[in-house]
Amino acid sequence: MSETKPAAQPPTWRIVLAAVFDFLTAFLVLGYIIASIFGGKTADGLQLDGLPALLLFVLIVVYFMVFNRFLGGTLWKRILRAHRS
């Protein structure tokens, strides 16, 4: 009988770095889109209060859930090859 070895897991630093980059990317991209729609763009950047801010955080959670569950990993997990097998 041949023994099968478990697949090697990526280093922890890659997983953590991918999560941080994914959060920042989702926050900035989705925040810019929401600010553009709801008028939260200012000369100094973005200002989201109330419902637009809540919508942003809901969409960030949805980003992580959809990409990890249905698309095989988030953007930065794919870039940094931080997939868990």
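The structure displayed is predicted, hence computed values, not measured ones.

(A) The overall build of the protein, seen in detail. Across its full length, the protein holds three helices and two strands. For the protein, the sequential pattern of α-helices and β-strands runs α-β-β-α-α. The C-alpha atoms of the protein give a radius of gyration of 17 Å, which is well past the 12 Å a tight globule of 85 residues would have. Over its C-alpha atoms, taken along the principal directions, the protein stretches across nearly 65 × 20 × 15 Å. A buried classification covers 22% of the 85 residues belonging to the protein.

(B) Up close: helix α2 (residues 51-70). Helix length check: α2 (20 residues) gives 27 Å between terminal C-alpha atoms against 28 Å at 1.5 Å per residue, within 8%. Within α2 the residues assigned to the buried category are P52, A53, L56, I60 and Y63. End-on view of α2: buried residues confined to an arc of 105 degrees, all on one side of the axis. Residues L51, L54, R69 and F70 are exposed on α2 and point more than 90 degrees away from its buried face. Packed against the buried residues of α2 are α1 (12-38) and α3 (75-79). Backbone geometry just downstream of α2 places G72 in the positive-phi region, at approximately 80 degrees.

(C) Structural detail: the packing of aromatic side chains. Per the stated rule, a full pass over the model turns up five aromatic pairs. Here Y63 and F64 contribute two aromatic rings whose centre-to-centre distance is 5.3 Å and whose plane-to-plane angle is 80 degrees, an arrangement assigned as edge-to-face. The class of Y63 is buried, set by a relative accessible area of 14%. These aromatic residues form a ring-pair network of at least three members: F23, F27 and F57.

(D) The arrangement of the nonpolar core in detail. With eight residues, the main nonpolar core is built from A26, I34, A35, L48, A53, L56, I60 and Y63. Sorting the residues of this core by element identifies α1 and α2 as the ones contributing at least two each. Per element, the largest residue contribution to this core is four residues, and it comes from α2. Discounting chain neighbours no more than four positions away, the residues touching I60 are F23, A26, F27 and L30.

(E) Quick look at the environment of L17. For L17, the location among the structural elements is in helix α1. What makes L17 partly exposed here is its relative accessible area of 30%. C-alpha of L17 to C-alpha of L30: the two residues are 13 residues apart in sequence and 19 Å apart in space.

Reading the values: the criteria
Residues numbered from 1 in each chain as written. Predicted model: local features only at pLDDT ≥ 70, side-chain atom pairs only at ≥ 80, totals over all residues. Heavy atoms only, no water. Helix = DSSP H or I, 4+ residues; strand = E, 2+ residues; numbered from the N terminus. Rg over C-alpha atoms; globule rule 2.2 N^0.38 Å. Buried < 20%, exposed > 50% of the residue type's maximum accessible area, 1.4 Å probe, protein only. Expected span 1.5 Å × (residues − 1). Arc of directions from axis to C-beta. Contact = heavy atoms within 4.5 Å. Phe/Tyr/Trp six-rings, centres within 6.5 Å; stacked < 30°, edge-to-face > 60°. Core = buried A, V, L, I, M, F, W, Y, C linked by side-chain atoms within 4.5 Å.

Purely geometric stuff here, so don't read any function into it on its own.
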